[in-house]
Structure formats: C-alpha cells, structure tokens
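Each chain, written out:
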Amino acid sequence: MSEMFEEISDNRTPPTYKFFNGSAWVTSAGGKTTEVHSPIDDSVLGKVQVVTHEEIDAAMKAAHAQQKNWEATPLNQRVKVMHLTADWIRQYEDYLTTLLIREIGKTSDEARGEIKRTADLTDYFADEVQSIRGFELDSDNFPGFDKGGTALIDRVAYGVVLAIAPFNYPVNLSGSKLAPALLMGNSVILKPPTQGSISGLHLTQLFRKAGVPTGVLATVTGGGGEIGEYLTAHGGVDMIAFTGNSETGMAIAKNAGMKPLLFECGGDNPVVVLPDADMHLTAREIIKGGFSYAGQRCTGIKYVLGTETTLDQLIPLVLELMKTEVAMGDPRSPGTKLVGPVISEEAAVHIEEAIRLSVSAGAKILTGGGRKNSYIEPTILTDVTPDMRVVASEVFGPVVSFVRIASMDEAVGIINRSRYGLQASVFTKDEGTGIVFARQLHVGSVQINGSPQRGPDHFPFLGVKHSGVGVQGVRYSLEAMSRLRPIVLNKPG
Ligand code: G3P
C-alpha cells in the first residue's frame, strides 16, 4: 500500500477501508461493512463501510459549517487545489489504473484512459472556472422600467452538493462532479458506487492531500439501497449530481423533492446507416461504440438501423472486424480486446435473459450469445425489432442488434418513440444530409460519422426524456453547480 493511501484502510489483505467523514478516515460506528468483489474472478478486493444515518448527518453538518469559508476562499486558491489534485492523479496513474482494472474489470488501456482523462478534466475545469464571473445589468433597457436601477449579478454556490457516481467510471465520473462543485465553492458529499467504492475512496484522498479543507468533502460508502434513499432525501442536500441508470434516476428525483438536479442516465444510442455511408468506417465505429468496456457505457450502441440492402453490406464487415478487434477475456490479459467481464454475474444473467427473450421473439444470433460467470460473449443479433428486450430495455453489455427498416422516416419514428434520448449516430458521406437527418431526432446529441461518446469533455453532454436532466461538460457543469444571485440597486425617487 502506498504511503499516500496508508491511512484509508487497515492495510490488511484484503483491506477493510474506512470512509472519509470530512475530517478523518474512520470506521463506521455501525460496525457494518460490505464486500467489494472483482468481476474478473469474484475475489474479494476489500470491504467498505456501510455508514450510519447519524454519520451522514454529521458529515452533512460539517459540510454546511465549512461551505461558506470555502466559498470565501479566493478563487485562485481553489484553482490551485484542483491543479494539484490533477498532478496527484497523474502521479498515481499506475496505482489507480491497477485498482480500476481489478475493481470494475476494465482493460488496461481503458482503465489508464479513465485516469488520464480525469487529470486532464480536472485541469480543464480549473482553467475554465476563471472565465465564469458575475456581471451587471441596467434596468432602463427594459420598457417601463426607466426609473433606473442596476443589478449586480453574482454566480454563487448552491451549498452542499451530493455527488453520486456510477460503477463504469468511478474515478472519472466522481471527478467530473467533485471538481466543478468544489471550484464553484460548494461542499461535496460523494457517494461512490459500491463496486467502484475503493477507487472513489482513493480519489478522495488525492483531493484531500491537494488541499480541500476539512469538512468541505466527505465520501460515504455503503450499498445504494441502504443509504441512497436517506442521502437523496436529506434536507442538508442543496443539489444532486448523479450518473446511473434511468430507473434509479427517476427514484432519486422523486425522493429529492424540489432541488437542482444534474443527471446523466441510460441511453440506447442508435446508429442510423444511410445507403451512401462508408461501410468500413461504420463497421469500425460500431465495434468501438458497441463493445468498449464490454458495452457498459451510457453512450454504448444498443442497435443499428439500416435498410435490407445496407445491412446486407454492413453486417459481414462487422462480423469480420470482430474476429480481430474484439476478444473476450481477463481484462489483465494483453489478448483481451474491449470485452472483459461485465460488472457482476447478476448483471450478466440479466443480459443473457434479454438475449434469450429476444431470440424467442424471432431475433437471430449471428455471433456470441453465451455466458460464463460474469463474462458475456460479444454478441451480434439480427432480425431484431424495436419491441424486443435487447432494444426496448437498456442492455448494459456487449450486445449489438441490427434492425431492418424500410425508410429513413421509419428510423426517425423508432428513435423518437424510444423512452431514451442520450445520443444517436448517423453515417453518411454527405454531412449536409446528416445534419438535416440529425435535426429530426429527439435525443441529446447526434454524432455524424462517429460512434456515440461523451467526450471531448468540454462539449455539452446531455440526455432528454429518460436519459437525463441538465447539461454536463466543463463550462456547463460549472454553471450547473452554481446559481445566479442578483442584487438590484434601485435609484430612489
Ligand atoms: O457511461 C458513462 C458515460 O458518461 C459514457 O461516457 O466517455 O464512455 O462516452 P463515454
């Protein structure tokens, strides 16, 4: 165990990790812990605390007590803390990469990519925040308000932000919430995913060592079912930033009541292939978009729409590419390409069931379809219809379905009837046609000649319908983690 992280656990094998209550690493008074298993081989990586409601209350109280001091800290000092955090993340890149591979089953390239991206994102937030300042407005430029008055409009913190991160990016999608929230002067309570908690606790230590003051950041662990409801309904929470599945997002929104929300939820991220598309490019992007991290991305491709003729050209290219670009296996093995295990055997069973139900409804397996423990074979289905489970529900796994359509209008109808609306991709050699087509789609973002993805991280990233609330992306997250506060100077008389 590196000296930097010695205090966060009991340093046994496997370790029992503490939680960070805002001022110290402690074990929970409740005496309960929950095991974190590696999806690679179900080995126990460690135990994390199941914090008590009283411990959540205490962390929330400390967060409020220190928030105003933190917000009053000069911005350039908050910026320095974030740049130092980014430096610490880079210094522990190897350490965090190894941890991520074991805790969530990412391949080495994907895990290292997540760590590097988090450091770069933290630096980018710290640079961007310096251009987000207050402004002034005069009243006399609105008819009927000629008496004259001036509004001094500040941008201020909400107070205490509850950040809830998902298992598939426990470092990056914690950092993408912590950095903007802290830079805008909020205190933060971080709830990492159960599987991903260990990575989240290590990230917390780096923020703390970089200088986030006592009380301003706390990281509480425990099963979502045990503490999630208490946390999201807590009266001390002023804003919630969440990434996870749509059902959980819906439950949090109901539980939270009237407060600002920044949610990224599930997506089906369809690909529409126009007859003129570059089929080799399209096949490469479908492989990347459908099978990266074993398909466990909110922006992962779930289905591909094309006419009979188009799919007859495309599917053989995809199948051929899969032979060299996709290989299922232990994510630590250099022979594994894109597809390690999914996050748990329970998740794998759900995916297997979705495949089975779809096949029984008429879909055909062209490759894959099998399961061994937490490993789902990279799977391609054809003859799929939008009502089948593999399209109608978010199959968070290495499964791509091909849906034949008779016209592009049919494709628009299928996409717009979906309850999801995160991203969509359109492949065509004519960008103008792609733009016209994109403007018909009720989704957050449309990629033309590229697979769905959140990055680059300064682009606006949003979901509509059941795919999210609010807009993420560097500037947008900074603004979402703060509010305007106008002070109006009225002219007497
Ligand atoms: O699933 C998390 C979502 O943010 C996807 O991110 O970068 O893999 O498109 P990315």
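Residues numbered from 1 in each chain as written. Predicted model: local features only at pLDDT ≥ 70, side-chain atom pairs only at ≥ 80, totals over all residues. Heavy atoms only, no water.

1. A closer look at the state of the cysteines
Here a disulfide denotes one covalent bond, and it connects the sulfur atoms of two cysteines.
Thinking step 1. Following the criterion strictly, the structure yields zero disulfides and no others.
Thinking step 2. No disulfide involves Cys265; its sulfur sits 7.8 Å from the nearest other cysteine sulfur, which is in Cys298.
Thinking step 3. Owing to a relative accessible area of 8%, Cys298 belongs among the buried residues under this scheme. (Disulfide = S-S within 2.5 Å. Buried < 20%, exposed > 50% of the residue type's maximum accessible area, 1.4 Å probe, protein only.)

2. Brief notes about a negative patch on the surface
Thinking step 1. A surface patch of negative charge is lined by Glu136, Asp138, Asp140 and Asp146.
Thinking step 2. Position of Glu136 relative to the elements: it lies in strand E5 (residues 135-138). (Patch = residues over 30% accessible without salt bridge, like charges linked within 9 Å, V, L, I, M, F, W, Y side chains within 5 Å. Areas by Shrake-Rupley, 256 points an atom, 1.4 Å probe, with all protein chains shown as cover. Salt bridge = Lys/Arg side-chain N within 4 Å of Asp/Glu carboxyl O. Lys, Arg positive; Asp, Glu negative; His and termini not counted. Charge placed at Lys NZ, Arg CZ, Asp CG, Glu CD. Helix = DSSP H or I, 4+ residues; strand = E, 2+ residues; numbered from the N terminus.)

3. Brief notes about the domain arrangement of the protein
Thinking step 1. The domain boundaries assigned to the protein delineate domain 1 (3-265 + 471-485) and domain 2 (271-456).
Thinking step 2. Centre-to-centre separation of domain 1 and domain 2, based on C-alpha positions: 31 Å.
Thinking step 3. With 24 residues of domain 1 at the contact, the number on the domain 2 side is 23 residues.
Thinking step 4. Buried area between domain 1 and domain 2, summed over both chains or domains, comes out near 1900 Å², and the portion from carbon and sulfur atoms is 54%.
Thinking step 5. Residues Arg419 and Glu247 are paired through a salt bridge, measuring 3.3 Å at the closest nitrogen-oxygen approach.
Thinking step 6. At the junction of domain 1 and domain 2, the tally comes to seven residue pairs in polar contact (both at pLDDT 80 or more).
Thinking step 7. Of all the secondary-structure elements, those providing two or more residues to the side of domain 1 that touches domain 2 are helix H3 (93-104), helix H4 (108-128), helix H5 (172-183) and helix H8 (246-256).
Thinking step 8. Residue classes in the side of domain 1 that touches domain 2 are distributed as eight nonpolar, nine polar and seven charged. (Domains from an automatic or database assignment. Contact = heavy atoms within 4.5 Å. Buried area = accessible area lost by both parts, 1.4 Å probe. Polar contact = N/O pair within 3.5 Å; in protein donor to acceptor, adjacent residues only side chain to side chain. Nonpolar A, V, L, I, M, F, W, Y, C, P; charged D, E, K, R; others polar.)

4. Some points on helix H1 (residues 53-72)
Thinking step 1. In a regular helix each residue adds 1.5 Å, so 20 residues correspond to 28 Å; H1 covers 29 Å between its end C-alpha atoms and thus fits that length.
Thinking step 2. Taken as a whole, H1 has its buried residues at Glu55, Ile56, Ala59, Met60, Ala63, Gln67 and Trp70. (Expected span 1.5 Å × (residues − 1).)

5. Re the nonpolar core
Thinking step 1. Counting 61 residues, the largest nonpolar core has Met82 and Leu182 as the members making the most contacts within it.
Thinking step 2. Residue assignment places this core across two domains, with domain 1 (3-265 + 471-485) and domain 2 (271-456) each supplying three or more.
Thinking step 3. Discounting residues that sit within four places of it in the chain, Met82 has contacts with Thr122, Ala126, Ala179, Leu182, Leu183, Phe207 and Val212.
Thinking step 4. Grouped together as the second largest cluster of nonpolar side chains are 52 residues, Met279, Phe291, Ile355 and Phe427 included. (Core = buried A, V, L, I, M, F, W, Y, C linked by side-chain atoms within 4.5 Å.)

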